[in-house]
Amino acid sequence: MQPEFWHDRWDRNQIGFHLEQVNPYLQRLWPLLELEQGGRVLVPLCGKTLDLSWLAASGFEVLGVELTQTAVEQFFSEQKVEPQISQRGAFTVYEAGPVTILCGDVFALTAADVATCVGLYDRAAMIAFPPDMREAYARHLTEILVPGCKGLLITLDYDQSQMKGPPFSVPDAEVQRLLSPAWTLEVVEQPDVLDQEWKFLKGGVTRLVERVYRLEKTGKA
């Protein structure tokens, strides 16, 4: 999947993946991580999600990563704040208060970029990548994040033959394969949400499980 795909989606405002409210799983389950306020949270493929502002309002420093400049600019415009803009390596950096967004390729992140990240929130990234890129993404995160990093991961699980992604289906067995044993994983919720997702219903999908994991980086290879 090429960057142009996502640039085009944003340019055409085809962003059905964007929620107009804070993700309810984040609000309900983030406290389970017991992270100290003031810690930094990595949010890969963040788009213009309101989850960034919620995390910031909850006392955390937020480091978003987003490929598309349009999404980054819309986030700050809609939050009515003027970011400071600079260049850092492969990224254009937008900063305003506790929220920093790196505009660029998530695969360009280095361990130095995320050295202070004690939290991870992935609602959009894992399910955005096709299988080969998903494998590379999971490996990259594992390599650069520090042991002890805790997070929430939200995935979708449905019959991929019934509908093409993105968002892609990432079954539990694949999550376990991609992240274990470097991460401990606990499924904390896994409802079938098909009746709430008209796009999937219209596409002929017969089952749609939204699975939420609590994660912790162990340091094991």
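Described in the following lines is the structure provided in the data block.

The rules behind each value
Residues numbered from 1 in each chain as written. Predicted model: local features only at pLDDT ≥ 70, side-chain atom pairs only at ≥ 80, totals over all residues. Heavy atoms only, no water. Buried < 20%, exposed > 50% of the residue type's maximum accessible area, 1.4 Å probe, protein only. Helix = DSSP H or I, 4+ residues; strand = E, 2+ residues; numbered from the N terminus. Pairing = 2+ DSSP bridges. Core = buried A, V, L, I, M, F, W, Y, C linked by side-chain atoms within 4.5 Å. Contact = heavy atoms within 4.5 Å. Axes fitted to C-alpha atoms, helices over the stretch in contact; angles between N-to-C directions. Parallel < 35°, antiparallel > 145°, perpendicular 65-115°, else oblique. Left-handed = near helix turned anticlockwise from the far one by under 90°. Nonpolar A, V, L, I, M, F, W, Y, C, P; charged D, E, K, R; others polar.

## Topic: the pairing of strand S5 (residues 99-103)
For step 1, the next point in the chain: Most of S5 is tucked away: five of the five residues are buried.
For step 2, the next point in the chain: Residues Val99, Ile101 and Cys103 line one face of S5 and the alternating positions Thr100 and Leu102 line the opposite face, and both faces are buried.
For step 3, the next point in the chain: Across five bridges, the pairing between strand S2 (residues 61-66) and S5 is parallel. Across the sheet, Val62 pairs through a bridge with Val99, a residue of S5.
For step 4, the next point in the chain: As paired strands, strand S4 (residues 91-96) and S5 are joined by five bridges and run antiparallel to one another. Considered in S5, the bridge of Val93 is made with Leu102.
For step 5, the next point in the chain: Hairpin connection between S4 and S5: a loop of two residues separates the two successive antiparallel strands, and Gly97 in this loop has a positive phi of roughly 60°.

## Digging into the nonpolar core
A general trend in soluble globular proteins is that nonpolar side chains are found buried together.
For step 1, the next point in the chain: Membership of the largest hydrophobic core comes to 66 residues, with the highest contact counts inside it found for Trp30, Leu42, Leu55, Leu109, Tyr121, Leu145 and Leu179.
For step 2, the next point in the chain: Those residues in contact with Tyr121, other than ones at most four positions away along the chain, are Asn23, Leu26, Trp30, Val41, Leu42, Val43, Pro44, Asp51, Leu55, Leu152 and Ile154.

## With respect to the sheet that holds S2
For step 1, the next point in the chain: The strand order across the open sheet built from nine strands is S3-S4-S5-S2-S1-S6-S7-S9-S8, with neighbouring strands paired in mixed fashion. What marks the edges here is a single partner per strand, and that holds for strand S3 (84-88) and strand S8 (183-189). Direction aside, the axes of adjacent strands within the sheet are offset by 25° on average.

## Overview of the packing of helix H5 (residues 131-144) against helix H6 (residues 172-179)
Packed helices, taken two at a time, are described by their axes: the angle between them and the distance between them.
For step 1, the next point in the chain: Between H5 and H6, the least distance of the axes is 9 Å, while the angle of their chain directions is 45°. Put simply, H5 runs oblique to H6. Crossing hand, H5 versus H6: right-handed. Residues Arg134, Glu135, Ala138 and Thr142 of H5 lie in contact with H6, whose contacting residues are Glu174, Arg177, Leu178 and Leu179.
For step 2, the next point in the chain: Of the residues belonging to the contact of H5 with H6, the class tally is three nonpolar, one polar and four charged.

## With respect to the environment of Leu141
For step 1, the next point in the chain: Of note, Leu141 is situated in helix H5.
For step 2, the next point in the chain: For the pair Leu141 and Val114, spaced 27 residues apart in sequence, the C-alpha to C-alpha distance is 9.7 Å.
For step 3, the next point in the chain: Residue contacts for Leu141: discarding those within four places in its chain leaves Leu42 and Leu120.

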